[in-house]
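So the chains spell out like this:
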Amino acid sequence: MFEDNTKSVPISTAQVWEAYQEVRKNGNAAGIDELTMKEFREVEKEELYKVWNRMASGSYFPPAVRRMELDKPDGGKRKLGIPTVADRVAQAVIKRYLEPQIDKHFHKNSFGYRPNRNAQQAIAQATQQCYKHSWVIDLDIKGFFDNLDHGLVMKAVQMHTDEKWVLMYIERWLRAPIKHVDGTLEYPTKGSPQGGVISPLLANLYLHYTFDLWMDINCKGVEFERYADDVIVHCTSKRQAEFLLNKIRERFLECGLELHPEKTKIVYCKNSNRKENHEHVSFDFLGLTFKPNKSMNQSTGKIFTGFGPNKISKKSTKKIIDIIKQKRLHRRTTAELPDLAKVMRNHLQGWISSYYGRFNLNFLWPTMRYLNARLITWARRKYKRFKESMQRAAKWLKEVYHDFPSMFVHWKYGFKP
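Not measured: the values here are computed from a predicted model.

Even after reading the chapter, I still don't get the packing of aromatic side chains, so can you show me in this structure?
What characterises a pair of aromatic rings is the spacing of the ring centres plus the angle enclosed by the ring planes. Per the stated rule, a full pass over the model turns up 23 aromatic pairs. An angle of 80 degrees between the planes, with centres 5.1 Å apart, marks the rings of Phe211 and Phe224 as edge-to-face. In this pair, Phe211 sits in helix H8 (residues 199–218) while Phe224 sits in strand E6 (residues 224–227), placing the two residues 13 residues apart along the sequence. Classification of Phe224 as buried rests on a relative accessible area of 1%. Residues Phe283 and Phe290 carry aromatic rings whose centres are separated by 4.8 Å and whose planes lie at 15 degrees to one another, so their mutual orientation is stacked. Here the two residues Phe283 and Phe290 agree in accessibility, since each one is buried. Three or more aromatic residues joined by ring pairs form one cluster here, namely Trp378, Tyr383, Phe386 and Trp396.

What follows is the structure, encoded as structure tokens:
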């Protein structure tokens, strides 16, 4: 650690150090200074002292965030704002100070980016509510992070703290310039960069007042799940769903937000006991597709139609396959098979044991088949004896699986080649 001295703002070196430990766990990306986390660690003492010294004296001004645009499945762009590592540490200091004061006021149906809350809980509750209620409003907020009203953000923060230094720094982060790929600077008048450490907390706070509390006051008894800006509302009838959707749309417009006209929809949770017809009978929530699915009653042996999470969404499937493609396993012909297993280990553990596999391992079969196919292609490129025969390469990979079933994480879970 570094030396502490008396400053005008009550931020200690210990707070900066603890914030740094948190930031270290979450990504290596560089901001506009091109300093990655790995490089930052080599000069951490000097850089963290600068962060503390400037924050504690009230003279810290955040540098511009680096604009990064990712392709979305619908052809649009997801705009990210990547702060420097040092700025992520500074944001984490304020987040760690403010979050305990705010989180205890958040709604029980808010699951995203909160301590002791997660997507699995939101999925479980949504599944139960779809069993109880026939209709769902699937809300999609258009450009949510880019359209947060700065005045309303600050008003919401002021509901939970009157510390001038906290308010000062949050306002500076909201106004921090955005540096585009071509080098131009944009000075935002609304929004909070998706990619910042403080942004998820501010986003949750914004929707807490825009939506969660508003629902409690104006729509008593209506159940919903919200994970950040991903929102599902449960209704007992189509008429109620249509009425509520109009009210919610009006409420969001009051708060500077707009529902996507095409992606927002009313869904009928069709099952064996629900005989109505409707245009939409499925929706995506947190990477899973909820839809009617055939099941068997274990006691009677009869087939019935239930409604719930049935598979990984097309969007999430594409993300997984894109990550596998980016690893270019089939081109790593100088590597050995255990080396490829190491390349994929963390991703596979995340997909299987941390998320999708916790709902249903079968959801992952399409993507794991694709991974095994890439390994077969790798074998054909690496070994001349398999070049002309996919069948022989596949047979060889099966033999490796038989001898070393734990080599790849997905093999251990039964996704054999």
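So much for the structure itself; the text now carries on.
How should the pattern of salt bridges be read in this particular structure?
Once the charged atoms of two side chains with opposite charge are near each other, the side chains can pair. Enumeration over the complete set of coordinates arrives at 13 salt bridges. A salt bridge links Arg96 to Glu18, with the shortest nitrogen-to-oxygen separation between them at 3.3 Å. Of the two residues, Arg96 is situated in helix H4 (residues 85–103) and Glu18 in helix H1 (residues 13–24); the sequence distance between them amounts to 78 residues. Assessed through its relative accessible area of 35%, Arg96 is described here as partly exposed. Where Arg226 meets Asp212, a salt bridge forms, and the shortest distance between an N and an O atom there is 2.9 Å. Residue Arg226 is found in strand E6, and its partner Asp212 is found in helix H8; the two are separated by 14 residues along the sequence. One exposure class covers both Arg226 and Asp212, and it is buried.

Looking at this structure, I do not really get the nonpolar core. What am I missing?
The nonpolar side chains of a soluble globular protein tend to be buried, and buried together. One finds Met55 and Val233 to be the most contacted residues of the largest nonpolar core, which totals 69 residues. With residues near it in sequence (within four places) discarded, Met55 still touches Val9, Ile11, Tyr60, Ala90, Val93, Ile94, Tyr169 and Trp173.

What counts and what doesn't
- Residues numbered from 1 in each chain as written.
- Predicted model: local features only at pLDDT ≥ 70, side-chain atom pairs only at ≥ 80, totals over all residues.
- Heavy atoms only, no water.
- Phe/Tyr/Trp six-rings, centres within 6.5 Å; stacked < 30°, edge-to-face > 60°.
- Helix = DSSP H or I, 4+ residues; strand = E, 2+ residues; numbered from the N terminus.
- Buried < 20%, exposed > 50% of the residue type's maximum accessible area, 1.4 Å probe, protein only.
- Salt bridge = Lys/Arg side-chain N within 4 Å of Asp/Glu carboxyl O.
- Core = buried A, V, L, I, M, F, W, Y, C linked by side-chain atoms within 4.5 Å.
- Contact = heavy atoms within 4.5 Å.

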